Amino acid sequence: MEDLGDVLAQAWQETLDMVGSLDATGLRTPTDLPGWTVLDLSFHLMLDAQRALVALADPRPGPPDTDRVTYWAGQQPGLPGADDHAAYVRRAAAAYTSPAGLLRHWADTVQGALAAVRHADPAAHVATQGHVLVLADFVHTLVVEAAVHRLDLAAGLPDAPSPPAAPLRCVREVLDGLLGHPVPVGWDDATYARKGTGRTALDAGERALLGADAARFPLFG
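Rules used throughout
- Residues numbered from 1 in each chain as written.
- Predicted model: local features only at pLDDT ≥ 70, side-chain atom pairs only at ≥ 80, totals over all residues.
- Heavy atoms only, no water.
- 1 Å grid on protein atoms, 1.4 Å probe; cavity = no way out; pocket = protein on both sides within 12 Å on 5 of 7 lines; lining within 4 Å.
- Points joined across faces, edges and corners; volume = space filled by probe spheres on them.
- Helix = DSSP H or I, 4+ residues; strand = E, 2+ residues; numbered from the N terminus.
- Nonpolar A, V, L, I, M, F, W, Y, C, P; charged D, E, K, R; others polar.
- Axes fitted to C-alpha atoms, helices over the stretch in contact; angles between N-to-C directions.
- Parallel < 35°, antiparallel > 145°, perpendicular 65-115°, else oblique.
- Left-handed = near helix turned anticlockwise from the far one by under 90°.
- Contact = heavy atoms within 4.5 Å.

**Q** Can you break down empty space enclosed by the protein residue by residue, with the values?
**A** For the coordinates displayed, the defined rule picks out one cavity of 30 Å³ or more. When its volume is computed, the largest cavity comes out at roughly 40 Å³. Put simply, the parts of the chain that give the lining of the largest cavity at least two residues each are α1 (4-20), α6 (135-154) and α7 (165-179). For the lining of the largest cavity, the per-class residue count stands at seven nonpolar, one polar and two charged.

**Q** Requested: an account of the packing of helix α3 (residues 38-57) against helix α5 (residues 99-119), with residues and values cited.
**A** In the contact formed by α3 and α5, the axes pass within 9 Å of each other and the chain directions differ by 30°. Relative to α5, the element α3 is oriented roughly parallel. Once α3 is placed against α5, the crossing between them reads as left-handed. Residues Leu-39, Ser-42, Phe-43, Leu-45, Met-46, Ala-49, Gln-50, Ala-52, Leu-53 and Leu-56 of α3 form the contact with α5, whose participating residues are Pro-99, Leu-102, His-105, Trp-106, Thr-109, Val-110, Gly-112, Ala-113, Ala-116 and Val-117.

**Q** Tell me about the packing of α3 against α6, and please be specific about residues and values.
**A** Between α3 and α6, the shortest axis-to-axis distance is 11 Å and the interhelical angle comes to 175°. Judged by the inter-axis angle, α3 sits roughly antiparallel to α6. Contact residues: Val-38, Leu-41, Ser-42, His-44, Leu-45, Asp-48, Arg-51, Ala-52, Ala-55 and Leu-56 in α3; Leu-135, Phe-138, Leu-142, Glu-145, Ala-146, His-149, Asp-152 and Leu-153 in α6. Considered class by class, the residues forming the contact of α3 with α6 number 11 nonpolar, three polar and four charged.

**Q** Account for the layout of surface pockets, naming residues and giving values.
**A** Of the pockets and cavities examined, the largest pocket occupies roughly 1000 Å³. Looking at the largest pocket, it is lined by 32 residues, and the ones nearest its centre are His-44, Ala-82, His-85, His-149 and Gly-221. When contributions to the lining of the largest pocket are tallied by element, the ones reaching two or more residues are α3, α4 (82-95) and α6. Looking at the lining of the largest pocket, its residues break down into 13 nonpolar, 12 polar and seven charged. Computed from the structure, the second largest pocket encloses a volume of approximately 160 Å³. Lining the second largest pocket are Asp-3, Leu-4, Gly-5, Asp-6, Val-117, Arg-118, Pro-122, Leu-135, Ala-136 and Val-139.

Here it is in structure tokens:
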């Protein structure tokens, strides 16, 4: 299995490279998150790297109260504060004097967060989003967040490269974990990520294959 720090570095750097290659029109392209452009979502992803820096700078004694799978059980669409966060992201992204400034800030924050991950105590516990996790599980949640939002970013970009495979395998691990068994539908990892998080609706055939489990979708959002 790949080292999770390496998978996170791949996920973040590939996304940075993809967004960094876009012109002004591309940065204004809508994503799969309603009302968010590529630039808006880039700011949100920078906040994830910032959150990692903060968490790793202040390790906790533990014990963990969640893991890489159960962490996502409470992450459902329409949570309180989601609209306020979206409005903040849009205002903050627009406050930069140029997109290049935001992208530089994002890249610098990513490099700092990755360095913190590499130097962290493997036995450490960290606090984030009201939970305490062991280090590896925390990094796994960052990979899953990055992988799902990488799909969101590329939704309106017809020339976007295929997403890296390793981060999407982490998303499948979470979705199967929440479901309680491997999904009985032959989706590739990217399709499963979209279906499992509600980005793409289930069709009638998929609902038939899933049976009673269809009512549990989206598994997280």
